[in-house]
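Each chain is listed here by its residues.
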Amino acid sequence: MKLNTALSVVGTILLNIAGSLCQLDVCGQAPQNNKIVGGQAAVAGSWPWQVSIQSASFGGHFCGGSLINKDWVLSAAHCFQSSSLGTIWIYLGRRSQSGSNPYEQSRTASQVINHPNYNNPSNDNDIALLQLSSSVTFSDYIQPVCLAAAGSVFAAGTESWVTGWGALQAGSTQIPDILQEVMIPIVSNSDCDNAYRGGITSNMICAGLLNQGGKDSCQGDSGGPMVSNGSRWIQSGIVSFGIGCADPNFPGVYARVSRYQDWINSYMDRNQPGFVEFYSSGFRSSPDLLLFSISLTFSIIPFICSLYLSSEII
């Protein structure tokens with residue numbers, strides 16, 4: 001009995017490890033993304049984790065989000081404060097809001113989890129998780145993004161990309177039909193805090209062309225991802241708030257993903273997202289996963305992965 005219990009515990013641990021390592025194998029890859037040009041329409045499949053979150057109560061698209069594994073989407077808490085949201089639909093593999101999307105899958109949200117310490121109006125802890133009504137199937141056009149692990153460093157000037165269907169200018173209520181992409185640099189928290197005259201916390205990360213403007217996220221981009229590339233795409237931020245859009249005096253403010261690794265993982269016993277520790281000069285796997293991957297890759301990981309995937313199907 002004790003042996004069976006011990007084996008069960010060890011098996012559960014190994015399955016959890018394998019799920020995380022298998023996730024690292026697939027996250028942050030965009031097979032259709034051959035080049036990046038800021039401020040223009042994105043090519044189909046360039047950002048395969050991007051989702052459009054919609055509700056009939058809001059007339060369709062109202063926020064963005066990012067796929068982090070086959071069952072969960074990451075977004076912003078401020079998107080889900082209305083009591084009249086109704087049914088929330090999540091569209092994956094979408095490029096056009098009105099045209100054909102041959103690679104698209106759609107799901108409803110079975111639950112929405114706002115961070116318990118989300119603060120309005122400061123927008124501190126502006127992060128939410130949406131569980132999909134059923135698992136999605138990965139393809140070249142639908143892939144999970146890697147998430148910045150605790151301890152990640154995004155130095156000022158780090159090139160970052162923001163994507164979404166947000167307005168193309170401040171005050172506009174019209175959203176573009178085609179998914180947009182823009183490249184902007186990270187702004188240090190101290191410079192960002194000075195620009196906003198306070199209120200920028202360690203749970204936030206800023207990006208934009210400070211003193212220049214012209215490129216930014218805007219209304220409708222909320223909840224969408226800000227990512228950087230270090231051989232794979234790693235999400236550093238979630239579109240949160242700003243003053244105006246592309247205002248030279250106010251960079252965009254994003255929820256800092258690396259601050260929420262434990263909170264995100266607490267809702268996922270298995271198939272945890274691929275967390276990667278990012279540095280401005282590159283990236284490395286989150287230390288605990290790296291240690292396991294080195295020791296297990298050539299031994300039991302293929303076997304455990306097969307067990308893991310089989311258990312998910314069952």
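Details of the structure are given in the entry above.
## Remarks on the overall build of the protein
Reasoning step 1: If you tally the helices and strands in the protein, you get 5 helices and 16 strands.
Reasoning step 2: Burial analysis of the protein (314 residues in total) assigns 52% to the buried set.
Reasoning step 3: Within the protein, counting contacts between residues at least 6 apart in sequence, those at least 24 apart form 70% of the total.
Reasoning step 4: When the accessible surface of the protein is summed, it comes to about 13,800 Å², and 52% of that surface belongs to carbon and sulfur atoms.

## What about the sheet that holds strand E6 (residues 105-114)?
Reasoning step 1: Read around the barrel, 6 strands follow the order E2-E3-E4-E7-E6-E5 and close on themselves; strand pairing throughout is antiparallel. Direction aside, the axes of adjacent strands within the sheet are offset by 40° on average.
Reasoning step 2: Sheet topology note: the strand E5 (residues 89-92)/E6 ladder contains 4 bridges and is antiparallel. Counted as the bridge partner of Leu92 is Gln105 from E6.

## Side note on the state of the cysteines
Reasoning step 1: Following the criterion strictly, the structure yields 4 disulfides and no others.
Reasoning step 2: In this model, Cys27 is linked to Cys146 through a disulfide, with the two sulfur atoms separated by 2.0 Å. A torsion of 85° about the S-S bond marks the disulfide between Cys27 and Cys146 as right-handed. Linking Cys27 in the loop between helix H1 (2-26) and strand E1 (40-41) with Cys146 in strand E8 (residues 146-148), this pair joins segments that are 119 residues apart in sequence. The two residues Cys27 and Cys146 agree in class, both being buried.
Reasoning step 3: Here Cys192 is linked by a disulfide to Cys206, with a sulfur-sulfur distance of 2.1 Å. Here the disulfide of Cys192 and Cys206 is left-handed, its torsion about the S-S bond being about -80°. Taken as a pair, Cys192 in helix H2 (residues 189-196) and Cys206 in strand E11 (residues 204-207) lie far apart in primary sequence, 14 residues in all.

## Quick look at the nonpolar core
Reasoning step 1: In this structure, Ile68, Leu74, Phe80, Ile90, Leu129 and Ile264 are the most contacted members of the largest nonpolar core, which totals 46 residues.
Reasoning step 2: At the level of elements, strand E2 (50-55), strand E3 (60-67), strand E4 (72-75), E5, strand E7 (128-132), strand E13 (233-241) and helix H3 (261-265) are the ones that each hand at least two residues to this core.
Reasoning step 3: With residues near it in sequence (within four places) discarded, Leu129 still touches Ile68, Trp72, Val73, Leu74, Gln111, Val112, Ile113, Trp263, Ile264, Tyr267 and Met268.
Reasoning step 4: With 17 residues, the next largest nonpolar core counts Leu24, Ile184, Val239 and Val276 among its residues.

## Description of the packing of aromatic side chains
Note on aromatic pairs: each is described by the distance of the centres and the angle between the planes.
Reasoning step 1: Inspection of every chain in the model, using the stated rule, returns 11 aromatic pairs.
Reasoning step 2: Residues Trp47 and Trp233 carry aromatic rings whose centres are separated by 5.0 Å and whose planes lie at 70° to one another, so their mutual orientation is edge-to-face. A residue pair is termed long-range when its members are at least 10 positions apart, and Trp47 in the loop between E1 and E2 and Trp233 in strand E13 qualify at 186 residues.
Reasoning step 3: By relative accessible area, Trp233 is classed as buried at 8%.
Reasoning step 4: Just above the ring of Tyr91 sits the side chain of Arg94; from NZ or CZ to the centre is 4.2 Å.

## Regarding the pairing of E7
Reasoning step 1: Counting buried positions along E7 gives 4 out of 5 residues, so the element sits mostly inside the fold.
Reasoning step 2: Relative to E7, E4 runs antiparallel, the two sharing 4 bridges. By the bridge assignment for E7, Trp72 is matched with Gln131.
Reasoning step 3: Here E6 pairs with E7 via 5 bridges, running antiparallel. In the strand pairing of E7, Val112 is matched with Leu130.

## Notes on the pattern of salt bridges
Reasoning step 1: The full count for this structure, using the stated rule, is 2 salt bridges.
Reasoning step 2: Glu104 is the partner of Arg94 in a salt bridge, and the nearest nitrogen-oxygen pair spans 2.5 Å. You can see Arg94 sitting in the loop between E5 and E6 and its partner Glu104 sitting in the loop between E5 and E6, a full 10 residues away along the chain.
Reasoning step 3: Judged by its relative accessible area of 26%, Glu104 falls in the partly exposed class.

Reading the values: the criteria
- Residues numbered from 1 in each chain as written.
- Predicted model: local features only at pLDDT ≥ 70, side-chain atom pairs only at ≥ 80, totals over all residues.
- Heavy atoms only, no water.
- Helix = DSSP H or I, 4+ residues; strand = E, 2+ residues; numbered from the N terminus.
- Buried < 20%, exposed > 50% of the residue type's maximum accessible area, 1.4 Å probe, protein only.
- Contact = heavy atoms within 4.5 Å.
- Areas by Shrake-Rupley, 256 points an atom, 1.4 Å probe, with all protein chains shown as cover.
- Pairing = 2+ DSSP bridges.
- Axes fitted to C-alpha atoms, helices over the stretch in contact; angles between N-to-C directions.
- Disulfide = S-S within 2.5 Å.
- Core = buried A, V, L, I, M, F, W, Y, C linked by side-chain atoms within 4.5 Å.
- Phe/Tyr/Trp six-rings, centres within 6.5 Å; stacked < 30°, edge-to-face > 60°.
- Lys NZ or Arg CZ within 6 Å of the ring centre and 35° of its normal.
- Salt bridge = Lys/Arg side-chain N within 4 Å of Asp/Glu carboxyl O.

Without other data, these values stay purely geometric and don't point to any function.
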